[in-house]
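Residue-level structural notes
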Amino acid sequence: MQKVQGLKKNEKNHFKMNVTITTDASFYHVGKVGGFAFQIKSNDGLIKEWGALQGNLSNPTEAELKSLLNALFILQQKDYKITTLTINTDCKFIADSMFNIKDSWKPVTKKLVKKFKSYLSQLEYETLNIKHVKAHTGDLTNKVSWVNDWCDKKSRKGSKLASKIAAKGNSV
């Protein structure tokens, strides 16, 4: 888990809200398409989104990063003052590597990680936690597992939609 403290506002009483993002993506090697799903839970309520990722993708990590970026984009529109922002992901790369760009990464990965940092810089929060959650546990009594399972199912549905869209585009 990565934890970053002390970002943005200095006045602790200005921050009132905890926000949890849970995100997942699906990637089809055939067709290089993917789907995304996320849930954003806050004191303000619950936002659930899923769909097809646009364009061709190079790998599953790209799909995972784009899913997270979609969630952060929606969160930016809310203009919340966040005490703790928690990101739950079953992607080990996101949980372990988002603040340590490496020369060996593909250019698309570097670009998306930079975009992630840019999106974060536009949010107002005190603490950021990025947590790896185990995927496909089957334990739907655990809230985090249940949400991850929902995101997994919806992201696969998004990949199927992306595959249909790509097939239509190729048949014209």
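Attention in this report is confined to the structure presented alongside it. (Residues numbered from 1 in each chain as written. Predicted model: local features only at pLDDT ≥ 70, side-chain atom pairs only at ≥ 80, totals over all residues. Heavy atoms only, no water.)

**A look at the overall build of the protein**
When helices and strands are tallied, the protein shows four helices and six strands. Beginning at the N terminus, the succession of helices and strands in the protein can be written as β-β-β-β-α-β-α-α-β-α. Buried positions account for 44% of the 172 residues belonging to the protein. Taking contacts inside the protein between residues at least 6 apart in sequence as the whole, the part at least 24 apart equals 72%. Accessible surface, the protein: about 9500 Å² in total, of which carbon and sulfur atoms supply 51%. (Helix = DSSP H or I, 4+ residues; strand = E, 2+ residues; numbered from the N terminus. Buried < 20%, exposed > 50% of the residue type's maximum accessible area, 1.4 Å probe, protein only. Contact = heavy atoms within 4.5 Å. Areas by Shrake-Rupley, 256 points an atom, 1.4 Å probe, with all protein chains shown as cover.)

**Observations concerning unusual backbone geometry**
Even without being a glycine, K32 presents a positive backbone phi close to 55°. Following the sequence through the fold, K32 ends up in the loop between β2 (17-28) and β3 (33-42). A relative accessible area of 35% means that K32 is categorised as partly exposed. Despite not being glycine, D79 has its phi angle at roughly 55°, a positive value. If you trace the backbone, D79 turns up in the loop between α1 (60-78) and β5 (81-89).

**As for the layout of surface pockets**
Vacant regions in the atomic arrangement are exposed by a probe of water-molecule size rolled over the atoms. Considering only enclosed or pocket space, the largest pocket measures out at about 230 Å³ in volume. Lining the largest pocket, in full, are T20, T22, Q39, I40, K41, L46, N88, K143, V144, W146 and V147. Elements represented by at least two residues in the lining of the largest pocket include exactly β2, β3 and α4 (143-170). With four residues, α4 is the largest single contributor of residues to the lining of the largest pocket. Grouping the amino acids of the lining of the largest pocket by side-chain chemistry returns five nonpolar, four polar and two charged. For the second largest pocket, the calculated volume is near 180 Å³. Every residue lining the second largest pocket is listed: L53, E62, K66, L69, N70, F73, V108, K111, L112, K115 and Y119. Of all elements in the fold, only α1 and α3 (107-121) reach the threshold of two or more residues within the lining of the second largest pocket. (1 Å grid on protein atoms, 1.4 Å probe; cavity = no way out; pocket = protein on both sides within 12 Å on 5 of 7 lines; lining within 4 Å. Points joined across faces, edges and corners; volume = space filled by probe spheres on them. Nonpolar A, V, L, I, M, F, W, Y, C, P; charged D, E, K, R; others polar.)

**Quick word on the pattern of salt bridges**
Going through the model one piece at a time under the given rule, you end up with six salt bridges. Note that E124 is salt-bridged to K81, the shortest N-O span being 3.5 Å. Within this pair, whereas E124 is found in strand β6 (residues 124-132), its partner K81 is found in strand β5, the two being separated by 43 residues in sequence. Here E124 falls in the buried class, since its relative accessible area comes to 19%. Looking at K81, the relative accessible area reads 24%, which means it is partly exposed. The partner of D149 in a salt bridge is K153, with the nearest N and O atoms 3.1 Å apart. Residue D149 and its partner K153 are both found in helix α4; the two are separated by four residues, about one turn of the helix. Within the structure, one salt-bridge network assembled from shared partners comprises D79, K81 and E124. (Salt bridge = Lys/Arg side-chain N within 4 Å of Asp/Glu carboxyl O.)

**Here we look at the nonpolar core**
Formed by 36 residues in total, the largest nonpolar core has its most connected members in I21, L75, L85 and F116. Within the residue set of this core, elements represented by two or more residues are β2, β3, α1, β5, α2 (92-97), α3 and β6. The dominant element in this core, judged by the number of residues it contributes, is α1, at seven residues. Excluding its chain neighbours within four sequence positions, the residues that come into contact with I21 are Q39, I40, L68, A71, L72, L75, L85, T86, I87 and N88. (Core = buried A, V, L, I, M, F, W, Y, C linked by side-chain atoms within 4.5 Å.)

**Section: α1**
With 19 residues, α1 should cover 27 Å at 1.5 Å per step; its first-to-last C-alpha distance of 28 Å lies within 8% of that length. Residues of α1 that are buried include every one of E62, A63, E64, L65, S67, L68, L69, A71, L72, L75 and Q76, and no others. (Expected span 1.5 Å × (residues − 1).)

No statement about biological role is implied by the geometric values presented.
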